[in-house]
2 protein chains.
Amino acid sequence: MTMAIVVQKYGGSSVGNPDKIKAIARRIVATREAGDDVVVVLSAMGDTTDDLIELAHEFTERPDERELDVLLSTGEIVSSTCLAIALRAMGQCAISLNGGQAGIQTDGCHSRAKIISVIPERVLRELENGNIVVVAGFQGIAEDMDVTTLGRGGSDTTAVALAISLGASICHIYTDVNGVYTADPRLITTARKLDEIDYDEMLELATYGARVLHSRAVEIGKCYDMPILVASSFSDARGTLIHGGIKMELRNKVRGIAHDMDVAKVTVRSVPDQPGIACAIFEPLADHGISVDTIVQNISTEGITDLTFTVSRNDLDRAVEIVGPICQSIGAKGHVSSLGLGKVSIVGTGMQNTPGYAARMFKALSDAGVNIELISTSEIRITCIIREEKVKEAVDALHRAFSLGEIDCDN
Amino acid sequence: MTMAIVVQKYGGSSVGNPDKIKAIARRIVATREAGDDVVVVLSAMGDTTDDLIELAHEFTERPDERELDVLLSTGEIVSSTCLAIALRAMGQCAISLNGGQAGIQTDGCHSRAKIISVIPERVLRELENGNIVVVAGFQGIAEDMDVTTLGRGGSDTTAVALAISLGASICHIYTDVNGVYTADPRLITTARKLDEIDYDEMLELATYGARVLHSRAVEIGKCYDMPILVASSFSDARGTLIHGGIKMELRNKVRGIAHDMDVAKVTVRSVPDQPGIACAIFEPLADHGISVDTIVQNISTEGITDLTFTVSRNDLDRAVEIVGPICQSIGAKGHVSSLGLGKVSIVGTGMQNTPGYAARMFKALSDAGVNIELISTSEIRITCIIREEKVKEAVDALHRAFSLGEIDCDN
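Residues numbered from 1 in each chain as written. Chains lettered and ligands numbered in written order. Predicted model: local features only at pLDDT ≥ 70, side-chain atom pairs only at ≥ 80, totals over all residues.

1. Points about the overall build of chain A
Next, step 1: Helix and strand content of chain A: 11 helices and 18 strands.
Next, step 2: The C-alpha radius of gyration computed for chain A amounts to 22 Å, which stays within 12% of the reference 22 Å derived for 411 residues, consistent with globular compactness.
Next, step 3: For chain A, the spread of C-alpha atoms along the principal axes amounts to about 75 × 50 × 35 Å.
Next, step 4: For chain A, the residues scored as buried account for 49% of the 411 residues in total. (Helix = DSSP H or I, 4+ residues; strand = E, 2+ residues; numbered from the N terminus. Rg over C-alpha atoms; globule rule 2.2 N^0.38 Å. Buried ≥ 20, exposed ≤ 12 C-beta atoms within 10 Å, placed from the backbone.)

Here's what the structure looks like:
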């Protein structure tokens, strides 16, 4: 009988202190004793990453990104060695590997590196040696053994990428919530846990603010059809299985509400409406690794238009720095930016074939007195940019409007 | 004009907090601006290493050594990235490298790895790129990119090994004292700083307890004739130059007093006095990487003898574990061990050609009411093992007996 390989990822709150690490060590041993080979991917303990960022900021507002990556990578090395020490103290064979040793090879784009390939030989060898393999999440190596990090939430991506390259049967993502909910349960008390969800829906939820899982992890899970179970590391509740085999016709049309408080907006004013303008603005942003979210361009009046886009707040300063000189060169009148925005999205695969969802969303927001600043849609999602302070009310209104708190609701 | 390469090592108390790191960054920039290429080797910030050991002990009394090495290595990575961030924030070109990247290749003996070779290419390349190169001390890599540590004080060894392999002109060791003293100035207020000292004398002082510099660093410095300057990172005082060019005849005979409070003793009782017995005991200890210090074997009575040796206290448990089964197999009566010991040594190159130093040492200790438990000597050192609580009195008595507080004393 061949043993299956199971990859389990535990987030920062699951390894927040030595007692929690001991508790997850016991969970891992139980999985191991059930007969599977286990690869564990860990985040840094509790607030370690924030503490390290704060330390770097003692020296400058803008720490060098290469150095910051190396600094931050130590957080996951500490947690993974601690878990290996705990497992060995329980009589298990275990070994910790850093991202480079685990074969996570990335590009050289510090603070937001992309995985180029995973070379699984070392992990497989350690599994053959009978070890539980504990991998430091969030990190990889580029050329010259230079450490990179995958960006916030990157440990999820490490876990799913490893699961795929190892031919694992499933990737478990253990976190501080019981699974994926119809809305953030910290915001909406009637939010309901979903037993399963489609990759695309999860991707929209993750991208548009459901922090339970990193969107890049869902993306690669979808590409390679790797089932991902999101569950609590503190309970034995069932969790939410993200996979591709859900029967579409049987589901709610709207599956969940995502929200995000981390939105900043840049408007380039009075741009000449001619070919190449959008490219002139967005190519440099992409080159600097700034993820632009919603883009809206109004219809032009007398060959002049306004162009608005949103970025995460952390990226706003850099985005403005880049856009400033471009404004001059393309003959725009200038640019304005603002923080203090948020967004709410409704997500569901069936929506596109059933008219009226957008109208119902806008009416619910309007009834709740929420003004919509920008609108953006995909095939399975409708997103509104609103004032940050209205986000909670908006999520609440939408959750009720689409009856998401009810089991077997058919909105 | 070719620029010289200077290697500077800063200890844990010199990088204890962000302000101290900024202060040493300014010192380093001053060296750089004087025209030299600078390679910096750092220890972990303040008590980081102790804190990490404490963390590991949350899981077990005996953390796995491989895992502990990886855990501890993060301390030096944090301090070195912080310094690189600080230097870059000051407008300097700087890059941090971990031990592996800096080419520090070691054997696989975790927690006390020995440097096998230093491959200087990466450091040289970064210097050519105009960088100040900041290297995480104390660590290297063995096979499989597995991180090793060089043991306590290992950053000194990293610095001197790098200085040699880079062809540096000098290795600066910056610490929290002004140099090498005739005795520990924290213990003896009249202790005097030495302007220069010979490698061998420094080696004996370092090995026998003067914590200002790691003995392995002096050892390799001597082998390759690398001048080492020990000075304070907090002042511009002159420091002590360790080198090979000192005129022997002009010096004091006794140069300094070393002491050590970290001594444990094991006595194997009633050993048959026959060939191979010492080997049967000490070979397994060496195989387990336990450094045995003083060894004393009494003359035998009726073919039976006692054999006593000392180890550092941390190694005592393991030493006893190893010696236990050996006692049975060689037909010894048993073994006893004790903690609570210390040692004092007088060190000086001229001693051996001038009789009476040992006698004067024993008299001084006797006059101070200090009982001697074991005696060990080298060509330039006489060491007595005594009760730990008598160490301060003993050092004080010896410092006075050999007039070490007086400039140009000729004892």
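The structure having been displayed, the exposition proceeds.
2. So, the interface of chain B and chain A
Next, step 1: Taken together, the contacts link 28 residues of chain B with 28 residues of chain A.
Next, step 2: Of all the secondary-structure elements, those providing two or more residues to the side of chain B that touches chain A are α1 (18-33), α2 (48-57) and α3 (65-89) of chain B.
Next, step 3: Looking at the side of chain B that touches chain A element by element, the count peaks at 13 residues for α3 of chain B.
Next, step 4: Its residues placed into classes, the side of chain B that touches chain A shows 15 nonpolar, 6 polar and 7 charged. (Contact = placed C-beta atoms within 7 Å. Nonpolar A, V, L, I, M, F, W, Y, C, P; charged D, E, K, R; others polar.)

3. What to know about the pairing of strand β2 (residues 37-42) of chain A
All names here are of chain A.
Next, step 1: In terms of burial, β2 is a largely internal element, 6 of the 6 residues being buried.
Next, step 2: Residue alternation in β2 divides its side chains into two sets, Asp37, Val39 and Val41 and Val38, Val40 and Leu42, and both sets are buried.
Next, step 3: Here strand β1 (residues 5-10) runs beside β2; their pairing, made up of 6 bridges, is parallel. Within the sheet, the bridge partner assigned to Val6 lies in β2 and is Val38.
Next, step 4: Viewed along the sheet, the connection from β1 through helix α1 (residues 18-33) into β2 turns out right-handed.
Next, step 5: Summarising the sheet, β2 and strand β6 (residues 132-136) pair through 4 bridges and their orientation is parallel. Directly across from Leu42, in β6, lies its bridge partner Ala136. (Pairing = 2+ DSSP bridges. Right-handed = clockwise from strand over helix to strand, strands pointing away.)

4. A short note on the relation of the copies chain B and chain A
Next, step 1: Mapping chain B onto chain A calls for a rotation angle of 180° and an axial translation of 0.1 Å; the resulting RMSD is 0.1 Å. Here the symmetry operator amounts to a two-fold rotation axis. Relative to the rotation axis, the C-alpha of Thr74 of chain B is the closest in chain B, positioned 2.8 Å from it.
Next, step 2: Looking at chain B, 100% of its interface residues are interface residues in chain A too, so the copies touch through the same face. (Least-squares fit on C-alpha atoms with pLDDT ≥ 70 in both.)

5. Section: the environment of Asn178 of chain A
All names here are of chain A.
Next, step 1: Secondary-structure assignment places Asn178 in the loop between β9 (170-175) and β10 (196-198).
Next, step 2: By C-beta crowding, Asn178 is classed as partly exposed, having 18 other C-beta atoms within 10 Å.
Next, step 3: Ignoring any residue separated from it by four or fewer positions in sequence, one finds Asn178 in contact with Lys193, Ala231, Ser232, Ser235, Ala237 and Gly239.

6. A look at the environment of Val133 of chain B
Residues and elements named next belong to chain B.
Next, step 1: Of note, Val133 is situated in strand β6 (residues 132-136).
Next, step 2: Expressed as a C-alpha distance, the spacing of Val133 and Glu67, which sit 66 residues apart in the sequence, is 27 Å.
Next, step 3: Apart from the residues lying within four places of it in its own chain, the contact partners of Val133 are Val39, Ile95, Leu97, Val123, Glu126 and Leu127.

7. Focus on the sheet that holds strand β16 (residues 334-347) of chain A
Hydrogen bonds along the backbone pair up the strands of a sheet, which may run parallel or antiparallel.
Residue and element names in this part refer to chain A.
Next, step 1: Taking strand neighbours across the sheet as the criterion, the 6 strands line up as β14-β15-β13-β16-β18-β17 in an open arrangement whose pairing is antiparallel. Edge positions in the open sheet fall to β14 (295-297) and β17 (374-378), since each of these has one partner strand only. Between one strand axis and the next, the sheet turns through 30° on average, direction left out of account.
Next, step 2: Pairing of β17 with strand β18 (residues 381-387), which is carried by 5 bridges, proceeds in the antiparallel orientation. Bridging across to β18, Ser378 finds its partner in Arg381.
Next, step 3: Running over the sheet, helix α10 (residues 357-367) touches β16 and β18 and is turned about 20° from β18. (Axes fitted to C-alpha atoms, helices over the stretch in contact; angles between N-to-C directions.)

8. Quick word on the domain arrangement of chain A
Next, step 1: The domains assigned to chain A are domain 1 (5-176) and domain 2 (257-401).
Next, step 2: Inter-centroid distance (C-alpha atoms) of domain 1 of chain A to domain 2 of chain A is 34 Å. (Domains from an automatic or database assignment.)

9. What about helix α9 (residues 313-330) of chain B?
Residues and elements named next belong to chain B.
Next, step 1: The terminal C-alpha atoms of α9, which comprises 18 residues, lie 25 Å apart, in line with the 26 Å expected from a rise of 1.5 Å per residue.
Next, step 2: In α9, a bend of some 30° at Ala319 exceeds every other bend along the element.
Next, step 3: Those residues of α9 that sit buried are Asp315, Ala319 and Val323.
Next, step 4: Buried residues belonging to α9 abut β13 (256-272), α8 (277-287), β15 (304-311) and β16 (334-347). (Expected span 1.5 Å × (residues − 1). Bend = angle between axes of the 7 residues up to and from the residue.)

10. Observations concerning the environment of Phe402 of chain B
All names here are of chain B.
Next, step 1: Along the chain, Phe402 turns up in the segment after α11 (391-401).
Next, step 2: The class for Phe402 is buried, based on 25 C-beta atoms found within 10 Å.
Next, step 3: As for Phe402 and Tyr357, which are separated by 45 residues in sequence, their C-alpha atoms are 9.3 Å apart.

11. Let's talk about the sheet that holds strand β11 (residues 228-232) of chain A
Residue and element names in this part refer to chain A.
Next, step 1: The strand order across the open sheet built from 8 strands is β3-β6-β2-β1-β9-β11-β12-β10, with neighbouring strands paired in mixed fashion. Since the sheet does not close on itself, it has two edges, and those belong to β3 (94-97) and β10, each with one partner. On average, each strand axis in the sheet is tilted by 20° relative to the strand beside it, whichever way the strands run.
Next, step 2: With 4 bridges joining them, β3 and β6 adopt parallel strand pairing. Among the inter-strand pairings, Ser96 is bridged to a residue of β6, identified as Val134.
Next, step 3: With respect to the sheet, helix α3 (residues 65-89) is in contact with β2, β3 and β6, its orientation differing from that of β6 by roughly 165°.
Next, step 4: The sheet contacts of helix α5 (residues 154-166) involve β1, β2, β6, β9 and β11, and relative to β1 the element is tilted by about 175°.

12. Let's talk about the packing of α1 of chain A against α3 of chain A
Residue and element names in this part refer to chain A.
Next, step 1: It is the contact of α1 with α3, at a shortest axis distance of 9 Å, that shows an interaxial angle of 60°. In this view, α1 runs oblique relative to α3, as classed from their interaxial angle. For the pair α1 and α3, the sense of crossing is right-handed. Contacts between α1 and α3 involve Ile21, Lys22, Ala25 and Ile28 from the first element and Cys82, Leu83, Ala86 and Leu87 from the second.
Next, step 2: Taken together, the residues that form the contact of α1 with α3 break down as 7 nonpolar, no polar and 1 charged. (Parallel < 35°, antiparallel > 145°, perpendicular 65-115°, else oblique. Left-handed = near helix turned anticlockwise from the far one by under 90°.)

13. Side note on the nonpolar core
Next, step 1: Val7 and Val40 of chain A are the most contacted members of the largest nonpolar core, which has 115 residues in total.
Next, step 2: The greatest single-element share of this core, amounting to 8 residues, is contributed by α3 of chain A. (Core = buried A, V, L, I, M, F, W, Y, C linked by C-beta atoms within 7 Å.)

14. As for α2 of chain B
Next, step 1: Every buried residue of α2 of chain B is accounted for by Thr49, Leu52 and Ala56 of chain B. Here the buried residues of α2 of chain B occupy an arc of 65° about the axis, which is enough to place them on one side. Of the exposed residues in α2 of chain B, those oriented more than 90 degrees away from the buried face are Asp50 and Glu54 of chain B.
Next, step 2: Contacts made by the buried residues of α2 of chain B are with α3 of chain A together with α3 of chain B. (Arc of directions from axis to C-beta.)

15. Thoughts on the packing of α5 of chain A against helix α7 (residues 215-223) of chain A
Residues and elements named next belong to chain A.
Next, step 1: α7 packs onto α5 with a crossing angle of 15° between their chain directions and a minimal axis gap of 7 Å. On the basis of their axis angle, the class for α5 and α7 is roughly parallel. As α5 packs across α7, the resulting crossing turns out to be left-handed. Of the residues in α7, those touching α5 at Asp156, Thr157, Ala159, Val160, Ala161 and Ile164 are Arg216, Ala217, Ile220 and Gly221.
Next, step 2: Residue classes in the contact of α5 with α7 are distributed as 6 nonpolar, 2 polar and 2 charged.

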